[in-house]
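Fold and contact review
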Amino acid sequence: MSETLLELRNIKKSFGTTDVLNGIGLSISRGEFITFLGASGCGKTTTLRIIAGLEKPDEGQVLLEGRDVTYLEPHQRDVNTVFQNYALFPHMNVEANVGYGLKIRKVPKEEIKKRVSDMLKLVQLDGYEKRMPSELSGGQKQRVAIARALINSPKLLLLDEPLGALDLKLRRAMQTELKRLQKKLGITFLYITHDQEEAINMSDRIVVMREGKFEQIGTPDEIYNCPKTSYVADFVGNANIIEGIVRQAGEEEILVETEGQIVKAVSDPGVQAGDKISLAVRRENMKVCGDCEEGLEAVLKDKSFQAGQLHMTLNLNSGKEITVSRYGMDAPLSQGQKVRISWEPQHAVPVDIRREA
Amino acid sequence: MEKKRKKKPGLFLTVLPLYVFTICFVVGPLLYMIALSFATNGNGSDTIWRFTLDNYKKIGEPVYLESFVQSFQLAITSTVLIMLMGYPFGYFMAKLSEKGKKRMMLLIMIPFWTSSLIRMYGWIIILQAKGVLNGILMKLGLIQEPLKILYSYPAVVVGMVYALLPFMILSVYSSVEKMDWSLVEAARDLGAGRARAFFDVTLKLTLPGLLTGVILTFIPSMGLFFIADILGGNKIVLVGNVIQDQVTRGSNWPFAAALAVVLMILTSLMIWLYRKITHVKDLEGFF
């Protein structure tokens with residue numbers, strides 16, 4: 001993309017004896033919406049705090065527009081944060097909260113008033129100037145927190161699970177809203193979440209984090225459709241992971257031996273015959289069939305119906321558990337029934353490729 | 001909701017002892033004292049129940065007015081000193097590790113195991129002419145002649161600060177403990193330096209603790225007559241000393257009651273004023 005706004009170079013951080021970040025590096029372009037996706041404890045919040053200046057790395061550098069800001073204090077960098085718990089000042093009203101950054105920069109009072117009012121309009125909270133944070137709903141607090149950060153026109157806005165405390169419906173609405181704001185203002189967003197749906201909906205690029213490392217960096221499409229590791233496939237795509245050995249690597253398809261059978265998967269340039277791999281097949285891409293001749297043998301263990309989807313839990317012959325999801329209720333299968341599982345070759349993606357030396 | 005609750009007979013029964021206690025030991029004596037302040041002093045320690053304003057008029061005499069002025073001066077001086085020492089103490093104590101907090105708390109509580117009267121006598125040993133403090137200062141060569149600290153105004157201030165500091169520390173500590181530090185981080189993130197973030201956020205949010213501390217130190221420092229007695233000699237006469245004197249040697253209970261009533265009103269006024277000021281600051285965002 002365009003010019004680099006933020007660069008992380010080999011950042012390491014540990015708390016006590018626990019290594020939280022194991023040397024991560026990344027470049028973020030101006031105007032990008034980038035999301036750090038990972039389970040709790042993967043180091044994503046620590047990364048954000050290091051970028052904000054609230055934490056100092058043990059090793060490595062943070063460069064903002066090419067300038068080393070690693071050891072600068074939080075107030076010395078053009079970065080603002082939307083905190084997980086909003087962190088609105090409880091003793092100030094909405095206007096004072098949003099205008100706080102400008103007040104510190106000694107912007108004239110009249111101008112603060114005007115800019116606060118414009119900013120509140122932007123987050124659709126006009127008329128709320130005199131309310132205290134305690135009088136606001138969760139969603140409104142969230143908007144105030146965003147307005148308070150954005151009013152300073154930061155070069156980079158950090159958002160730490162900003163929608164975590166909101167209910168599903170509000171979360172979806174706020175996702176759209178945030179994306180709209182980001183497009184309109186052209187500010188670079190660095191967004192942190194453990195929710196893969198959020199990450200896929202909003203981001204230009206996703207960074208999947210795991211145990212203080214970047215597991216994979218790519219567009220939502222790449223992350224979702226071409227996961228590089230079984231962790232990414234499972235975390236982002238809710239994929240089933242089936243281990244096997246490549247028996248034949250073709251131009252478009254490869255043949256993989258697993259569970260004593262041969263299955264087909266999509267080809268990958270890095271795969272050779274003899275490699276141990278895992279196949280990631282997403283739940284919705286698996287077909288379960290009661291009277292088919294082809295596919296992996298399995299036994300239907302359990303069926304449940306949630307949010308318009310039928311989830312089936314099956315056991316392969318080896319005992320490995322597989323989950324299959326499909327829309328609608330029309331599965332004439334009963335528990336304990338012997339079935340076969342199959343998929344289109346392009347839906348089985350080779351991940352975790354390991355080659356015996 | 002509240003109305004419904006009040007109607008519950010069970011709740012009334014549970015708070016009844018509290019009412020009885022308050023009426024017997026707070027409201028009753030208070031009313032008695034107010035009544036007494038309008039009564040006439042007889043011979044000896046007799047009290048004649050005849051209405052008079054003489055007791056209040058007597059307070060206007062210079063010697064008694066003087067004691068009020070001195071009491072307020074001392075109370076304000078000690079409270080300010082206690083604030084300046086107690087706030088940082090409580091603040092940093094709240095930032096210690098859990099273990100450190102417990103240890104510090106123990107260290108603060110230990111002196112309370114001894115009577116405060118005895119602890120004041122301890123200060124005599126430190127402050128007297130041939131005492132510990134003068135000894136150290138002279139050994140260090142900072143002074144040639146021993147300083148006359150004991151039986152002076154500063155000695156009384158030292159005693160007051162020493163006796164009341166723990167109350168300030170503990171009330172500041174408990175409010176700093178409850179601080180949500182992400183608010184300070186938010187302020188820093190929005191461009192505030194360390195000092196600015198402290199004054200805009202931490203201090204304002206811990207003001208209730210500071211206020212409690214002030215109330216807990218200001219009121220007693222008006223009345224702790226034994227400290228002025230022990231460390232001030234006869235030079236420092238506080239309202240507390242006058243009242244004590246009138247009750248014991250002077251045997252003029254109605255006058256003592258009038259002094260107490262005036263002291264109470266003035267103290268309440270001071271606290272009201274202080275509350276008013278800090279509250280306004282709180283809302284308007286001065287500082």
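Everything quoted here is computed from the prediction, not taken from an experiment.

Across its full length, chain A holds 8 helices and 20 strands. The burial tally for chain A puts 52% of its 357 residues in the buried class. In chain A, of all internal contacts separated by at least 6 residues, the share reaching a separation of at least 24 is 66%. Of the roughly 16600 Å² that chain A leaves accessible, carbon and sulfur atoms contribute 47%. Of note, chain A has its 48 positive side-chain charges centred 7 Å away from the centre of its 50 negative side-chain charges.

For the rest of this paragraph, the subject is the interface of chain B and chain A. Counting residues at the interface gives 21 residues for chain B, matched by 25 residues for chain A. Both sides together, the interface formed by chain B and chain A hides about 1900 Å², and carbon and sulfur atoms give 54% of it. Where chain B touches chain A, the interface holds 3 salt bridges. Glu 73 of chain A is the partner of Arg 194 of chain B in a salt bridge, and the nearest nitrogen-oxygen pair spans 3.2 Å. Run the count over chain B and chain A and you get 9 residue pairs in polar contact (both at pLDDT 80 or more). When residues of the side of chain B that touches chain A are traced back to their parent elements, those giving at least two are helix H9 (181–189) and helix H10 (194–205) of chain B.

Another aspect to go through is the pairing of strand E14 (residues 276–282) of chain A. Residue and element names in this part refer to chain A. Burial of E14 is extensive: 6 of the 7 residues sit out of reach of the surface. Sheet topology places strand E11 (residues 239–249) next to E14; 7 bridges connect them, and they run antiparallel. Each residue of the ladder has a partner; that of Ile 245, found in E14, is Lys 276.

Moving on, we get to the domain arrangement of chain A. The assigned domain composition of chain A is domain 1 (4–225) and domain 2 (238–354). Look at where the C-alpha atoms of domain 1 of chain A and domain 2 of chain A centre, and you get two points 39 Å apart.

Before going further, it helps to spend a moment on the packing of aromatic side chains. Evaluated as defined, the whole model comprises 21 aromatic pairs over all chains. Judged by centre distance (6.0 Å) and plane angle (75°), the rings of Tyr 87 of chain B and Phe 198 of chain B are edge-to-face. Taken together, the residues Tyr 87 of chain B in helix H4 (residues 62–94) and Phe 198 of chain B in helix H10 connect sequence positions 111 residues apart. For the pair Tyr 91 of chain B and Phe 92 of chain B, a centre-to-centre distance of 5.1 Å together with 90° between the ring planes defines the contact as edge-to-face. Judged by its relative accessible area of 12%, Tyr 91 of chain B is buried. Judged by its relative accessible area of 55%, Phe 92 of chain B is exposed. Three or more aromatic residues link up through ring pairs in this structure, and these residues are Tyr 87, Tyr 91, Phe 92, Trp 181, Phe 198 and Phe 199 of chain B. Residue placement shows Arg 148 of chain A over the ring face of Phe 89 of chain A; its charged tip is 4.7 Å from the ring centre.

Residue and element names in this part refer to chain B. Secondary-structure assignment places Lys 95 in the loop between H4 and helix H5 (98–109). For Lys 95, a relative accessible area of 47% puts it in the partly exposed group. Between the alpha carbons of Lys 95 and Tyr 173 there is a distance of 9.1 Å; along the sequence they are 78 residues apart.

This part takes up the pattern of salt bridges. Considering all chains together, one arrives at 33 salt bridges over all chains under this definition. Salt-bridge contacts for Glu 197 of chain A lead to Arg 172 of chain A; the nearest nitrogen and oxygen are separated by 2.9 Å. Of this pair, Glu 197 of chain A sits in helix H6 (residues 196–202) while Arg 172 of chain A is found in helix H5 (residues 168–185), placing the two residues 25 residues apart along the sequence. Relative accessible area serves as the criterion here: at 29%, Glu 197 of chain A is assigned to the partly exposed category. On the basis of relative accessible area, Arg 172 of chain A is assigned to the partly exposed category, the value being 40%. The partner of Lys 101 of chain B in a salt bridge is Glu 177 of chain B, and the shortest N-O contact between them spans 2.6 Å. Pair noted here: Lys 101 of chain B is in helix H5 and Glu 177 of chain B is in helix H8 (residues 153–177), with a separation of 76 residues, a long-range link. Connected via shared salt-bridge partners are Glu 3, Arg 30, Glu 65, Asp 78 and Lys 155 of chain A.

Once that is clear, we can look at the confidence of the model for chain B. Residue and element names in this part refer to chain B. Summary statistics for chain B give a mean pLDDT of 87 and a share of 93% for residues scoring 70 or more. Model confidence for chain B, summarised as mean pLDDT per element, is weakest for helix H1 (residues 2–7) at 50 and strongest for H9 at 95. The low-confidence segment residues 1–5, where pLDDT is below 50, has 1 contact with residues more than four positions distant or belonging to other chains. Note that residues 280–287 has pLDDT below 50 and, in this model, 11 contacts with residues that lie over four places away or in other chains.

What counts, and at which threshold
Residues numbered from 1 in each chain as written. Chains lettered and ligands numbered in written order. Predicted model: local features only at pLDDT ≥ 70, side-chain atom pairs only at ≥ 80, totals over all residues. Heavy atoms only, no water. Helix = DSSP H or I, 4+ residues; strand = E, 2+ residues; numbered from the N terminus. Buried < 20%, exposed > 50% of the residue type's maximum accessible area, 1.4 Å probe, protein only. Contact = heavy atoms within 4.5 Å. Areas by Shrake-Rupley, 256 points an atom, 1.4 Å probe, with all protein chains shown as cover. Lys, Arg positive; Asp, Glu negative; His and termini not counted. Charge placed at Lys NZ, Arg CZ, Asp CG, Glu CD. Buried area = accessible area lost by both parts, 1.4 Å probe. Salt bridge = Lys/Arg side-chain N within 4 Å of Asp/Glu carboxyl O. Polar contact = N/O pair within 3.5 Å; in protein donor to acceptor, adjacent residues only side chain to side chain. Pairing = 2+ DSSP bridges. Domains from an automatic or database assignment. Phe/Tyr/Trp six-rings, centres within 6.5 Å; stacked < 30°, edge-to-face > 60°. Lys NZ or Arg CZ within 6 Å of the ring centre and 35° of its normal. pLDDT = per-residue confidence, 0-100.

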